[in-house]
Amino acid sequence: MQVPLLDLKQQFKQFKAELMPQIEALCDNQSFILGEPVASFEKTAAAYCKAGFSCAVTSGSDALIIALMAEGIGAGDEVITTPYTFFATAGAIARVGAKPVFVDIEPRSYTIDATKIETAITTKTKAIIPVHLYGQSANMGPILEIAKKHGLVVIEDAAQAIGAEYMGRRVGSMGDYGCLSFYPSKNLSAFGDAGMVTTQVQEKANMVTMLRNHGMNPKYYHKYVGGNFRMDALQALVLNVKIKYLDQWTEKRQANAALYDSLFNDVPGVVTPSIASWATRHVRNQYVLRILDGKRQKVWDGLKAASIGCDVYYPVPLHLQECFAPLGYAKGDFPESEKAASETIAIPIYPELAEEQIRYVAATIIGLIK
Ligand SMILES: *Cc1c(COP(=O)(O)O)cnc(C)c1O
């Protein structure tokens, strides 16, 4: 039996008939940049995230960059985040000229350890970027409190977690900004790259929207140096159709996770993902196991041999990446992130998985660690 890590072809069949005439109409009118489809998706997505405003952009990475730019964060500034995330979180900080300052994760949720943030704050700190990893919210209550106390901006990296909730509050609605990604591996995905910035504040929304289009308003009058971060109308059409299915897909992901949880229950050497007390809605973007006793490589090799897709998110914590060597971090600085990087493995969790596929994946892993 083959089990890919993700199968978007099955998903496409569900909405193809509805989407294709819209794409054909777009081709007929040839209006490819921004326009009504983007404005309409912005409204729908902001409402979904329970945020007042949203700005559709080119990618999740660019969403992070724009949020930092909107706050004027740059050279000489420090931004706190976790080293156990996709590169773009810290990459965005470096791209605007600021310095990423890492804080270790809390080992059960894999999100930033809020109890360790305050010791990392200096007079140069301007913002905190908590990451809602694998579809689960970071511990936002204490993070927001610390930010308020020290006058820091909070930019939620919600790329993996659209629809996730912290104590009933949606990710992207709590911080000053929320950054979403619609990359194909995310729960809501475009036909290519796309992203979004959310905010509750009209002025911030205006700023982000101006920066998206070269800091221009009105046309050809540039108050700021922005960039070309505009979402394509085509991506907005796709996302507008797909967002209607998002809750039902999320429920299937949650059911798949529950089945895995029961199949791995009490299996020694395998730690299933835990749901934090604050995470009232986990949207299961990834189902990540910890494989103990140094057996991850064995599981990885065995899954590949059995035609089961898997991946490691992420094998090298960001403080040990070559490009960040100038930051001066060393091995051992963030032990929980390093441990997670060496023990975790993501297995298929996408909504369209069949029950027999899930049982096959679990049985294969249990066989491999025996
Ligand atoms: C995917 C991802 C991003 C970047 O999004 P892109 O749309 O791929 O640029 C940023 N942060 C996290 C945590 C991600 O998973």
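Residues numbered from 1 in each chain as written. Predicted model: local features only at pLDDT ≥ 70, side-chain atom pairs only at ≥ 80, totals over all residues. Heavy atoms only, no water.

Our next topic: the overall build of the protein chain. From N to C terminus, the protein chain includes 11 helices and 13 strands. Expected size for 370 residues packed as a compact globule is a radius of gyration near 21 Å; at 21 Å, the protein chain falls within 12% of this value. Seen through its C-alpha atoms, the protein chain measures out along the principal axes to roughly 65 × 55 × 35 Å. Counting the 370 residues in the protein chain, one finds 58% classified as buried. Once local pairs closer than 6 in sequence are excluded, the contacts in the protein chain between residues at least 24 apart make up 72%. A total accessible area of about 15400 Å² is found for the protein chain, and carbon and sulfur atoms account for 54% of it. (Helix = DSSP H or I, 4+ residues; strand = E, 2+ residues; numbered from the N terminus. Rg over C-alpha atoms; globule rule 2.2 N^0.38 Å. Buried < 20%, exposed > 50% of the residue type's maximum accessible area, 1.4 Å probe, protein only. Contact = heavy atoms within 4.5 Å. Areas by Shrake-Rupley, 256 points an atom, 1.4 Å probe, with all protein chains shown as cover.)

What follows is about empty space enclosed by the protein. Tallied over the full model, the rule gives 2 cavities of 30 Å³ or more. In this structure, the largest cavity occupies an estimated 60 Å³ of space. Within the lining of the largest cavity, the residues separate by chemical class into 5 nonpolar, 5 polar and 1 charged. Split by domain, the residues of the lining of the largest cavity number at least three in each of domain 1 (8-244) and domain 2 (245-369). As a volume, the second largest cavity reaches approximately 30 Å³. Lining the second largest cavity, in full, are Leu-6, Leu-8, Gln-11, Pro-184, Lys-186, Asn-187, Ser-189, Arg-253, Tyr-350, Pro-351 and Glu-352. Here the residues of the lining of the second largest cavity sort into 5 nonpolar, 3 polar and 3 charged. In this structure, the lining of the second largest cavity is formed jointly by two domains, domain 1 (8-244) and domain 2 (245-369), each of which donates at least three residues. (1 Å grid on protein atoms, 1.4 Å probe; cavity = no way out; pocket = protein on both sides within 12 Å on 5 of 7 lines; lining within 4 Å. Points joined across faces, edges and corners; volume = space filled by probe spheres on them. Nonpolar A, V, L, I, M, F, W, Y, C, P; charged D, E, K, R; others polar. Domains from an automatic or database assignment.)

Here the focus is the layout of surface pockets. Empty space within the largest pocket amounts to approximately 320 Å³. Listing elements by their share of the lining of the largest pocket, those giving two or more residues are helix H3 (60-70), helix H4 (88-95) and strand E8 (177-181). Per element, the largest residue contribution to the lining of the largest pocket is 3 residues, and it comes from H3. Along the lines of polarity and charge, the residues of the lining of the largest pocket split into 10 nonpolar, 10 polar and 3 charged. Mapped onto the domain boundaries, the lining of the largest pocket takes at least three residues apiece from domain 1 (8-244) and domain 2 (245-369).

Before going further, it helps to spend a moment on the pattern of salt bridges. Tallying each qualifying case throughout the model produces 12 salt bridges. The salt bridge partner of Lys-116 is Asp-113, with a shortest N-O separation of 3.5 Å. Residue class for Asp-113 comes out buried when judged on its relative accessible area of 12%. (Salt bridge = Lys/Arg side-chain N within 4 Å of Asp/Glu carboxyl O.)

Within this structure, the stated rule accounts for 19 aromatic pairs. Relative to Phe-191, the ring of Phe-15 lies with its centre 6.5 Å away and its plane at 35 degrees, an arrangement referred to as tilted. Here Phe-191 lies in the loop between E8 and strand E9 (195-199) and Phe-15 lies in helix H1 (residues 8-29), a separation of 176 residues in the sequence. Phe-15 gets classed as buried once you look at its relative accessible area, which sits at 2%. A relative accessible area of 37% means that Phe-191 is categorised as partly exposed. When the ring of Tyr-84 is compared with that of Tyr-110, the centres are 5.8 Å apart and the planes differ by 35 degrees; the resulting orientation is tilted. Of this pair, Tyr-84 sits in the loop between strand E2 (78-81) and H4 while Tyr-110 sits in the loop between strand E3 (99-102) and strand E4 (125-129), and the two are 26 residues apart along the sequence. (Phe/Tyr/Trp six-rings, centres within 6.5 Å; stacked < 30°, edge-to-face > 60°.)

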